[in-house]
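Fold and contact review
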Amino acid sequence: HDGSSTATTCTFNLETNAWLAIIKSTSAGKWYWVDSLRGVNNYMSSNATTDETADSNVMSVSGTTLTLGSALADENYLIQVHKAGAPPTADNSEDAGATPTAGSVKIDGANLGSALAGSIKATRLSSNTTSGFSIILMTGTGSNGTVAHGLSSSPELVVHKERDPGGNNWAVWHKSIANTTFLALDTAAGTATEATKWNSTSPAPTVYSLGTDTGNNASGSTYVTYCWHGVAGYSAFGTYTGNA
């Protein structure tokens, strides 16, 4: 990428316009997380606790063509693209447990026409049950609750971040750690104990759980969640013990 006002085009082939792109310079600099549900002009940095930032010069997307913008430096970049289901076209204005607003919840490209799981409603949701990946937007309630993830089995990796007002850690749960703990993606620290992050409850086949922790579920704050589970022949999630 030349880092000038002339952007560099990178093409990727997706069958849908619902995706998560993770962009990182191979030498230095911050991470950029951009997804189609929050909008291509909004990014979050997984090395910081700051809230969602608007910048139309990070990247743009037209069809299946991703273009890096002039906000990025004159460096080489690695881009990971995770394919979700289909882009929601509306916000869910229905109550938790009801059939969501048409266009707000997309499961494998189709509108969900039945009750949405969870005691905390998803504002927008796009899931790809073939690849085992989903993106969820929701608003915190301040109370213990569950949120639908739209996948066909329990997530094995959950990445959750406050969009606004921000200032809190990225909270990560992995199937290898206790449901009373989390990893902060924005620090080098190891597993930390905080039972109120996930309400001491592991993700289930239809929902993931949130507790009363203000970083994960503050009343009125907006959040994004990314969920993955392993798919035979495609992906797997595990751990290893180093031997030096």
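Located above this text is the structure these notes cover.
The text that follows walks through the structure, step by step, so that each part is easy to find.

Cut-offs and rules
- Residues numbered from 1 in each chain as written.
- Predicted model: local features only at pLDDT ≥ 70, side-chain atom pairs only at ≥ 80, totals over all residues.
- Heavy atoms only, no water.
- Helix = DSSP H or I, 4+ residues; strand = E, 2+ residues; numbered from the N terminus.
- Contact = heavy atoms within 4.5 Å.
- Pairing = 2+ DSSP bridges.
- Core = buried A, V, L, I, M, F, W, Y, C linked by side-chain atoms within 4.5 Å.
- Buried < 20%, exposed > 50% of the residue type's maximum accessible area, 1.4 Å probe, protein only.
- Phe/Tyr/Trp six-rings, centres within 6.5 Å; stacked < 30°, edge-to-face > 60°.
- Lys NZ or Arg CZ within 6 Å of the ring centre and 35° of its normal.
- Axes fitted to C-alpha atoms, helices over the stretch in contact; angles between N-to-C directions.
- Polar contact = N/O pair within 3.5 Å; in protein donor to acceptor, adjacent residues only side chain to side chain.

1. Looking at the environment of Leu116
With respect to the element layout, Leu116 can be found in the loop between strand S10 (110–111) and strand S11 (122–128). Between the alpha carbons of Leu116 and Pro100 there is a distance of 6.4 Å; along the sequence they are 16 residues apart. With residues up to four places along the chain from it excluded, the contact list for Leu116 reads Asn92, Gly97, Ala98, Pro100, Val105, Ala122 and Ala148.

2. A look at the environment of Val159
Examined against the element boundaries, Val159 turns out to sit in strand S14 (residues 157–164). For the pair Val159 and Thr146, spaced 13 residues apart in sequence, the C-alpha to C-alpha distance is 15 Å. Not counting chain neighbours up to four residues away, the residues in contact with Val159 comprise Trp33, Trp170, Ala171, Val172, Leu185, Val224, Thr225, Tyr226 and Trp228.

3. Description of the sheet that holds S10
Whenever strands of a sheet pair, they do so through backbone hydrogen bonds, lying parallel or antiparallel. Read from one edge of the open sheet, nine strands run S10-S9-S11-S12-S19-S14-S15-S16-S17, paired in mixed fashion. Sheet topology places S10 and strand S17 (192–193) at the edges, where each strand pairs with a single neighbour. Direction of pairing for strand S12 (residues 133–139) relative to strand S19 (residues 222–228): antiparallel, over a ladder of seven bridges. Looking at the pairing, Met138 lines up with Tyr223 of S19.

4. With respect to the nonpolar core
The biggest cluster of nonpolar side chains holds 22 residues, and the ones touching the most others in it are Ile136, Met138, Val147, Trp198 and Tyr208. Listed by contribution, the elements that provide at least two residues to this core are S11, S12, strand S13 (145–148), strand S15 (171–174), strand S16 (181–184), strand S18 (207–210) and S19. Not counting chain neighbours up to four residues away, the residues in contact with Trp198 comprise Val158, His160, Ala171, Val172, Trp173, Asn179, Thr181, Phe182, Ser209, Leu210, Gly211 and Asn216. Judged by nonpolar contacts, the second largest core, of 18 residues, contains Trp33, Leu137, Val159 and Trp228.

5. Things to note about the packing of aromatic side chains
Considering all chains together, one arrives at five aromatic pairs under this definition. Judged by centre distance (6.4 Å) and plane angle (45 degrees), the ring pair of Tyr226 and Trp228 falls under tilted. Take Trp228: its relative accessible area is 10%, and that puts it in the buried class. Linked through ring pairs, Trp33, Phe133, Trp170, Tyr226 and Trp228 together constitute an aromatic cluster. It is Lys197 that lies over the ring of Phe182; its NZ or CZ is 4.6 Å from the centre.

6. Things to note about the sheet that holds strand S3 (residues 31–35)
Spatially, three strands are ordered S3-S2-S8 in an open sheet, and the strand pairing comes out antiparallel. For this open sheet the edge positions go to S3 and strand S8 (77–83), each flanked by a neighbour on one side alone. Sheet twist, expressed as the mean angle between neighbouring strand axes with direction ignored, is 15 degrees. Relative to S8, strand S2 (residues 19–25) runs antiparallel, the two being bridged by seven bridges.

7. Observations concerning the side chain of Ser25
Here Ser25 is to be found in strand S2. A polar side-chain atom of Ser25 sits 3.1 Å from a polar atom in the side chain of Ser27. From its side chain, Ser25 meets the backbone oxygen of Ala28 in a polar contact 3.0 Å long. Not counting chain neighbours up to four residues away, the residues in contact with Ser25 comprise Glu75, Asn76 and Tyr77.

8. Some remarks on unusual backbone geometry
A cis amide bond links Asp164 with the next residue in sequence, Pro165, at an omega value of 15 degrees. Tracing the backbone through its elements, the reader meets Pro165 in the loop between S14 and S15. Positive phi outside glycine occurs at Asp108, with the angle close to 50 degrees. Take Asp108: it is sitting in the loop between strand S9 (105–107) and S10. Located in the positive-phi region is Ser200, a residue other than glycine, with phi close to 50 degrees. Along the chain, the position of Ser200 falls in the loop between S17 and S18.

Fair warning: the whole summary comes from geometry, so function is off the table for now.
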